[in-house]
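Residue-level listing of the chains:
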Amino acid sequence: MPKKNKLSLSVQYPDPRLQESVPRPQLRRWVQAALLAPAELTIRFVDAEEGRALNRDYRGKDYATNVLTFAYSEDQEENDNGITQADIILCTDVLQREAEEQGKTLVEHAAHLVVHGVLHAQGYDHEDDDEAAEMENLEIEILNSLGWPNPYADR
């Protein structure tokens, strides 16, 4: 059994719609599967209004997006303690719409977005084709280990 990295996880549901279907213990399992190092993370479920405001204010994009990751430890010149620190924001409205459009369950899509956000928190990105391929392959592997299908396969 692989060693689990130390995790401090805070979960916030200001938009409570997914609180029952995506509870904290399940989120913790998904996050733990994607962790490559110790981490202090907050996962926050928001509505479209808050998601849009955050995306606009911090990324200059005036629309709600599925997941936003605010990684704090990667900005430090030297992260002495080696702990990944980030806030991961999931927009319930976008998550629900995309799950329906993609023919996925809400929980399946939430698992993918959580894994995606945790990888971003650890410095993974998809700015070019090579980075995107590396990140997608890692997501597929992690989700498979959790019993979920390839999120990028056509349905």
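What follows covers the overall build of the protein chain. Secondary structure summary: the protein chain contains 5 helices and 4 strands in total. Going residue by residue from the N terminus, the α and β elements of the protein chain occur as β-α-β-α-β-β-α-α-α. Whereas a compact globule of 155 residues would reach a radius of gyration of roughly 15 Å, the protein chain reaches 15 Å, a difference of no more than 12%. Oriented by its inertia axes, the alpha-carbon framework of the protein chain measures out at about 40 × 35 × 35 Å. With 155 residues in all, the protein chain has 44% of them scored as buried. Here the contacts in the protein chain between residues at least 6 apart in sequence split such that 61% fall between residues at least 24 apart. Surface accessibility of the protein chain: about 8600 Å² in total, with carbon and sulfur atoms responsible for 44%. Distance between charge centres in the protein chain, computed from 15 positive and 30 negative side chains, equals 8 Å.

There is about 700 Å³ of room inside the largest pocket. Val67, His116, His120, Asp125 and His126 are the residues nearest the centre of the largest pocket, which is lined by 30 residues in total. Listed by contribution, the elements that provide at least two residues to the lining of the largest pocket are α2 (48-59), β3 (67-71), α3 (92-102), α4 (106-121) and α5 (129-145). The residue makeup of the lining of the largest pocket, split by class, is 11 nonpolar, 10 polar and 9 charged.

What follows concerns the packing of aromatic side chains. Counted by the stated rule, this structure contains 2 aromatic pairs. Both rings, one in Tyr58 and one in Phe70, keep their centres 5.2 Å apart while their planes meet at 75°; by these two values the pair is edge-to-face. With Tyr58 in helix α2 and Phe70 in strand β3, this pair connects stretches of sequence that are 12 residues apart. A relative accessible area of 17% means that Phe70 is categorised as buried.

What follows concerns the confidence of the model for the protein chain. In this model, the protein chain carries a mean pLDDT of 92, and residues with pLDDT of at least 70 account for 93%. The least confident element of the protein chain is α5, whose mean pLDDT is 95; the most confident is strand β1 (residues 7-12), at 98.

Relative to the elements of secondary structure, Leu113 occurs in helix α4. Looking at Leu113, the relative accessible area reads 3%, which means it is buried. On a C-alpha basis, the gap between Leu113 and Ala39 in space is 17 Å, while along the polypeptide they are 74 residues apart. Among all residues touching Leu113, those that are not within four sequence positions of it are Asn66, Val67, Leu90, Leu95 and Glu98.

As a further point, take the packing of α4 against α5. Contact pair α4 / α5: the axes reach a minimum separation of 10 Å and the direction vectors enclose 130°. Here α4 is positioned oblique relative to α5, judged by the angle of their axes. At the point where α4 passes α5, the crossing takes the right-handed sense. Two secondary-structure elements touch here, α4 through Ala111, His112, Val115, His116, Leu119 and His120 and α5 through Met135, Leu138, Glu139, Ile142 and Leu143. For the contact of α4 with α5, the class distribution of residues is 7 nonpolar, 3 polar and 1 charged.

The rules behind the values
Residues numbered from 1 in each chain as written. Predicted model: local features only at pLDDT ≥ 70, side-chain atom pairs only at ≥ 80, totals over all residues. Heavy atoms only, no water. Helix = DSSP H or I, 4+ residues; strand = E, 2+ residues; numbered from the N terminus. Rg over C-alpha atoms; globule rule 2.2 N^0.38 Å. Buried < 20%, exposed > 50% of the residue type's maximum accessible area, 1.4 Å probe, protein only. Contact = heavy atoms within 4.5 Å. Areas by Shrake-Rupley, 256 points an atom, 1.4 Å probe, with all protein chains shown as cover. Lys, Arg positive; Asp, Glu negative; His and termini not counted. Charge placed at Lys NZ, Arg CZ, Asp CG, Glu CD. 1 Å grid on protein atoms, 1.4 Å probe; cavity = no way out; pocket = protein on both sides within 12 Å on 5 of 7 lines; lining within 4 Å. Points joined across faces, edges and corners; volume = space filled by probe spheres on them. Nonpolar A, V, L, I, M, F, W, Y, C, P; charged D, E, K, R; others polar. Phe/Tyr/Trp six-rings, centres within 6.5 Å; stacked < 30°, edge-to-face > 60°. pLDDT = per-residue confidence, 0-100. Axes fitted to C-alpha atoms, helices over the stretch in contact; angles between N-to-C directions. Parallel < 35°, antiparallel > 145°, perpendicular 65-115°, else oblique. Left-handed = near helix turned anticlockwise from the far one by under 90°.

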